[in-house]
Amino acid sequence: MAPPPPRAPEPGSQPGPLPGDDHSFFGQPRGLMTLSGLEIWERFSFLGMQAILVLYFTAAVSEDGMGMDPGTAASVSAAYGTMVYLVSVAGGWLADRILGSYRAVLWGGILIACGHYTMSVPSNGATWIGLGLISLGTGLLKPNVATLVGKLYRTADERRDAGFALYYMCINIGAFLGPLVTGWLGDHKGWHWGFSAAAIGMTFGLIQYVLGRKTIAGRTEQAEQALPPEKMRRTVRMIIGGIVAVLVICTVLGLTGILTIDRSVDVLTVISVVAPVVYFTVMFRSPQVTSEERGRLRPYVVLFLASVVFNFILFQAYSTMMLIAASNAQTVIFGFHFPASWYASALGAFEVALAPVVAALWVRMGDRQPHASNKIAFGTILGGLSFLIMVPATIGRTGDNWMMSVWWIVGSYFLLGLGDILLETSGMSATTKLAPKAFASQTMALWFLSLALANGIQAQVVKLYGHVSNPAYFGVNGAIAVAAGLAVIAAAPWLKRTMHPVH
């Protein structure tokens, strides 16, 4: 069969390879190399900082830390993650209506870099300001770079899932390298040296993104659903005024002692629950969404909830798992001593190693590969198993001086990494296919909003860590994730009928 004729460029688009016609990057579009390169450095900076953040929070003030209780530190770290992904909703809307995806990613990267540079200043105030800037920047970058990846392919392109798997492998190179660099610097030079390394990494990512911009198919100079000029100017003024007002109110409430850390965490959790409910309601009722598109949103709710359950487990790789690794896991392997934060690199290493295997398997299987909903279900089950493996590792342990073998943490991260590849690549790929046209970037943001909800729930649950036994904590949470994955498998017949064109 002859290939379909090339489509004319969209208004405002820049010259570049057309989707389906470019195979220059391991059989994938060349633009995937540019976007993957950006995400390598974004993950290097974000997860490099995340690997040492909870340890920085719990370190004594005399050790240049913030002296937090472990449960509080894990809760605050999760709340920060909640804020990061809540902002992604606004990032998707800004891309659709004002900036366009390319410029949204660019400005997001600039804010992230500024945030990391700010955190390199040894001051508690600089830490909070830096985390705020990173939250704003990640909210702009994350949903829109994934949308740009989706635009590299035609909807029926069989390379799409394999392309997302390769994309995920590439960005996890950053997830592997980031904790190695920041962890060593934090352990040997100081926490703020580690934050500085994250800043430099994000700067490198921005440079290669700008240099490779012409390879990104579908890149436009204008927003695809741009507001009228006068309304756009009024909206921009309202956004700036709103940000300033929120900053002033939060500062006043903080200085007067009304807005405490615990209350801030609770507020973010409530918002993380309410936001997706409101957002789904808006999309289901929007006159811009056709009945066919609305029908595809219903199964997407199931995928959304599966993502919440899995990522509730995944994000604890940087909170409770990091805390137990730092206090109760050996840090010697084959006679080599390493910082506890390096355990976070094991997760990235497994994803780098396994992603090409998974991508090759999907290409080889072609139409015979499992349905996207089953891939997501398998990923959720593996996430639950990664926690369940910690039950025999911690059962019967008492006191604070016991040590588990390195291989318990490594084995847990192996299961978690494989589950992450199955769920996130299939979830992001399915989202770009199921998205209503009028909410393209915003639906991708909605996928990341599931990460906000996962973090919001985590911010409350991790408060139990240290107050219940480790086998109970990891066992109950792991069992819930396994049960959720099995529920998605049970719903597979309905999902297959309603998720067209996802297969």
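So, how was this worked out
Residues numbered from 1 in each chain as written. Predicted model: local features only at pLDDT ≥ 70, side-chain atom pairs only at ≥ 80, totals over all residues. Heavy atoms only, no water. Helix = DSSP H or I, 4+ residues; strand = E, 2+ residues; numbered from the N terminus. Buried < 20%, exposed > 50% of the residue type's maximum accessible area, 1.4 Å probe, protein only. Contact = heavy atoms within 4.5 Å. Areas by Shrake-Rupley, 256 points an atom, 1.4 Å probe, with all protein chains shown as cover. Salt bridge = Lys/Arg side-chain N within 4 Å of Asp/Glu carboxyl O. Patch = residues over 30% accessible without salt bridge, like charges linked within 9 Å, V, L, I, M, F, W, Y side chains within 5 Å.

Caption draft 1: Fine view of the overall build of the protein chain. A count of helical and extended segments in the protein chain gives 17 helices and two strands. Per-residue burial over the protein chain gives 56% buried out of 503 residues. Within the protein chain, residue pairs in contact and separated by at least 24 positions form 83% of the contacts whose partners lie at least 6 positions apart. As presented, the protein chain carries roughly 20,400 Å² of accessible surface, and 69% of it is formed by carbon and sulfur atoms.

Caption draft 2: Structural detail: the pattern of salt bridges. For the structure shown, the criterion picks out four salt bridges. Ionic pairing is found between Arg233 and Glu230, a salt bridge with its closest N-O pair at 2.9 Å. Remark: Glu230 and Arg233 occur in helix H7 (residues 229–255); sequence separation between them is three residues, near one turn of the helix. Across the salt bridge formed by Asp266 and Lys463, the nearest N and O atoms sit 3.3 Å from each other. With Asp266 in helix H8 (residues 261–285) and Lys463 in the loop between helix H15 (440–461) and helix H16 (470–490), the pair connects residues that are 197 residues apart, well separated along the chain.

Caption draft 3: Highlighting a nonpolar patch on the surface. A surface patch of nonpolar side chains, amounting to about 520 Å² of accessible area, comprises Tyr117, Ile200, Phe204, Ile207 and Leu211. A per-element tally of the nonpolar patch places helix H6 (residues 191–211) first, with four residues. As for its position among the elements, Leu211 is in helix H6.

Caption draft 4: Molecular detail of the environment of Leu53. Position of Leu53 among the secondary structure elements: in helix H1 (residues 31–58). The spacing of Leu53 and Ala73 is 20 residues in sequence and 8.7 Å in space, taken between C-alpha atoms. Those residues within four positions of Leu53 in sequence are excluded, and the remaining contacts are Ser77, Tyr80, Met119 and Leu131.

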